[in-house]
Amino acid sequence: MQRKAKQGKPLSACQERRNRRIAKVRARVEHVFAAITQWGGKRIRTIGQARANFAMGMMVLVYNMRRLAFLGA
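None of the values given here were measured: they were computed from a predicted structure.

Draft legend 1. Expanded view of the overall build of the protein. Secondary structure summary: the protein contains 2 helices and 0 strands in total. For the protein, whose C-alpha radius of gyration is 18 Å, the value lies well above the compact-globule estimate of 11 Å for 73 residues. When its C-alpha atoms are laid out on the principal axes, the protein stretches across 50 × 35 × 20 Å. The buried share of the protein, reckoned over its 73 residues, is 12%. Sequence-distant contacts, at least 24 apart, represent 26% of the contacts inside the protein between residues at least 6 apart.

Here it is, written out as structure tokens:
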């Protein structure tokens, strides 16, 4: 969990480095969920857990394929 500075008391250099290290990972994860939310979110209208898992898996697969195309690999 990232630290927040108090009013009138800035974060120490160590805390800022820690926040930056956490933010790098957090940003990558949050970008994935933001993209899926833009496509309709995690709300899946299916009957059955297997179909829901498949639908979510397909969303993740499409995200990964779009990312691969964007990176030009």
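Draft legend 2. View of the packing of aromatic side chains. Within the structure shown, the criterion is met by 1 aromatic pair. Between tryptophan 39 and tyrosine 63, the aromatic rings sit 6.3 Å apart at their centres with planes inclined by 50°, giving tilted as the arrangement. Here the residue tryptophan 39 occupies a position in the loop between α1 (13-38) and α2 (49-71), and tyrosine 63 occupies one in helix α2, the gap between them amounting to 24 residues. A residue is classified by how much of its surface remains accessible, and tryptophan 39, at 33% relative accessible area, is partly exposed.

Draft legend 3. Spotlight on the environment of alanine 34. Summarising the element assignment, alanine 34 is placed in helix α1. By relative accessible area, which is 37% here, alanine 34 ends up partly exposed. The spatial distance from the C-alpha of alanine 34 to the C-alpha of methionine 58 is 16 Å, given a sequence separation of 24 residues.

Draft legend 4. How the structure looks around the side chain of asparagine 19. Here asparagine 19 shows up in helix α1. Taking the relative accessible area as the measure of exposure, asparagine 19 reaches 11% and is therefore buried. Once you skip the residues sitting within four places of it in the chain, asparagine 19 turns out to touch Gln2, Arg3 and Leu11.

Draft legend 5. Seen up close, a nonpolar patch on the surface. Together, Phe54, Met58, Leu61 and Met65 make up a nonpolar patch on the protein surface, roughly 410 Å² of accessible area in all. Relative to the elements of secondary structure, methionine 65 occurs in helix α2. Classification of methionine 65 as exposed rests on a relative accessible area of 51%.

Draft legend 6. Spotlight on the packing of α1 against α2. Between α1 and α2, the least distance of the axes is 10 Å, while the angle of their chain directions is 115°. Comparing the axis directions of α1 and α2 gives the class roughly perpendicular. Considering how the two elements wind past one another, α1 and α2 form a crossing that is right-handed. Contacts between α1 and α2 involve Arg28, His31, Val32, Ala35 and Ile36 from the former and Met56, Met59, Val60, Tyr63 and Arg67 from the latter. When the residues that make up the contact of α1 with α2 are grouped by side-chain class, the tally is 7 nonpolar, 1 polar and 2 charged.

Each value, and the rule that gives it
Residues numbered from 1 in each chain as written. Predicted model: local features only at pLDDT ≥ 70, side-chain atom pairs only at ≥ 80, totals over all residues. Heavy atoms only, no water. Helix = DSSP H or I, 4+ residues; strand = E, 2+ residues; numbered from the N terminus. Rg over C-alpha atoms; globule rule 2.2 N^0.38 Å. Buried < 20%, exposed > 50% of the residue type's maximum accessible area, 1.4 Å probe, protein only. Contact = heavy atoms within 4.5 Å. Phe/Tyr/Trp six-rings, centres within 6.5 Å; stacked < 30°, edge-to-face > 60°. Patch = residues over 30% accessible without salt bridge, like charges linked within 9 Å, V, L, I, M, F, W, Y side chains within 5 Å. Areas by Shrake-Rupley, 256 points an atom, 1.4 Å probe, with all protein chains shown as cover. Salt bridge = Lys/Arg side-chain N within 4 Å of Asp/Glu carboxyl O. Axes fitted to C-alpha atoms, helices over the stretch in contact; angles between N-to-C directions. Parallel < 35°, antiparallel > 145°, perpendicular 65-115°, else oblique. Left-handed = near helix turned anticlockwise from the far one by under 90°. Nonpolar A, V, L, I, M, F, W, Y, C, P; charged D, E, K, R; others polar.

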